[in-house]
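Per-entry structural report
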Amino acid sequence: MARKEKTEQITVKLPKSQYDSLKKYAASKHLSMADVVRAFIQKGMSIETYSQEIDFITSIIRQEIGIAINGLSNRLAGLASKDLIMSAAAYYSTIAIIADLIDPHRYTTFREIERKARQLAVEYTKMKLTDAEKLFLSGDAFEQNLERLRGGQSDVGTDL
């Protein structure tokens, strides 16, 4: 024989409209008002417990996402470093090839070409992305910059 849990009695006063709604709800479910009140109390307490569990789970999820993002950030930083190394290698390889092919009657000194190329590169990185894309896609702008490197203009301007 199952032992029944000891119960305590409480008195609750409700506004008339809430009492009428509760009574109507109990009748529609064929339950006593006491059973309905107990069920609502249990449900309310379950929701409170659920909310606390959600807060706990949310903090764990945030922590795990933070760990994942930090790992990805480190990975991206590593890839960016490798890209920088590859870019530098390409830069110096290109400079070495140009140095071997330079025509001293057409071009300024190699050092001047290299200085202007670095200056163009720095100015390019300072541009707004949309302006940089326009410049990159413009064949005329490329030819103008090439002329600057060949010695057509003595200085590289801020507008590239």
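In this text the structure is predicted, and so the values were computed from the model without any measurement.

So, about the overall build of the chain. Assigned secondary structure in the chain consists of five helices and zero strands. Mapped in sequence order, the helices and strands of the chain form the string α-α-α-α-α. Relative to its 160 residues, the chain shows a buried fraction of 11%. Long-range contacts, defined here as pairs at least 24 residues apart, represent 45% of the contacts in the chain between residues at least 6 apart.

Looking now at the confidence of the model for the chain. As a general rule, the predicted coordinates of low-pLDDT regions are not to be interpreted in detail. The predicted model of the chain has a mean per-residue pLDDT of 77, with 76% of residues at 70 or higher. Mean pLDDT across the elements of the chain ranges from a minimum in helix H5 (residues 139-150), with 67, to a maximum in helix H1 (residues 16-28), with 93. When the criterion is pLDDT under 50, residues 156-160 qualifies, and its contacts beyond four places in sequence or with other chains add up to 16 contacts.

Now for the packing of aromatic side chains. By the definition in use, this model includes one aromatic pair. For the ring pair Tyr-25 and Phe-40, a centre distance of 5.4 Å and an interplane angle of 35° mean the geometry is tilted. Residue Tyr-25 is located in helix H1, and its partner Phe-40 is located in helix H2 (residues 33-101); the two are separated by 15 residues in the primary sequence. On the accessibility criterion, Tyr-25 (35% relative accessible area) is partly exposed. Residue classification places Phe-40 among the partly exposed positions, given a relative accessible area of 42%.

Our next topic: a nonpolar patch on the surface. Together, Phe-56, Ile-57, Ile-60, Ile-61, Ile-65 and Ile-69 make up a nonpolar patch on the protein surface, roughly 550 Å² of accessible area in all. The topology assignment puts Ile-61 in helix H2.

Rules of the game
Residues numbered from 1 in each chain as written. Predicted model: local features only at pLDDT ≥ 70, side-chain atom pairs only at ≥ 80, totals over all residues. Heavy atoms only, no water. Helix = DSSP H or I, 4+ residues; strand = E, 2+ residues; numbered from the N terminus. Buried < 20%, exposed > 50% of the residue type's maximum accessible area, 1.4 Å probe, protein only. Contact = heavy atoms within 4.5 Å. pLDDT = per-residue confidence, 0-100. Phe/Tyr/Trp six-rings, centres within 6.5 Å; stacked < 30°, edge-to-face > 60°. Patch = residues over 30% accessible without salt bridge, like charges linked within 9 Å, V, L, I, M, F, W, Y side chains within 5 Å. Areas by Shrake-Rupley, 256 points an atom, 1.4 Å probe, with all protein chains shown as cover. Salt bridge = Lys/Arg side-chain N within 4 Å of Asp/Glu carboxyl O.

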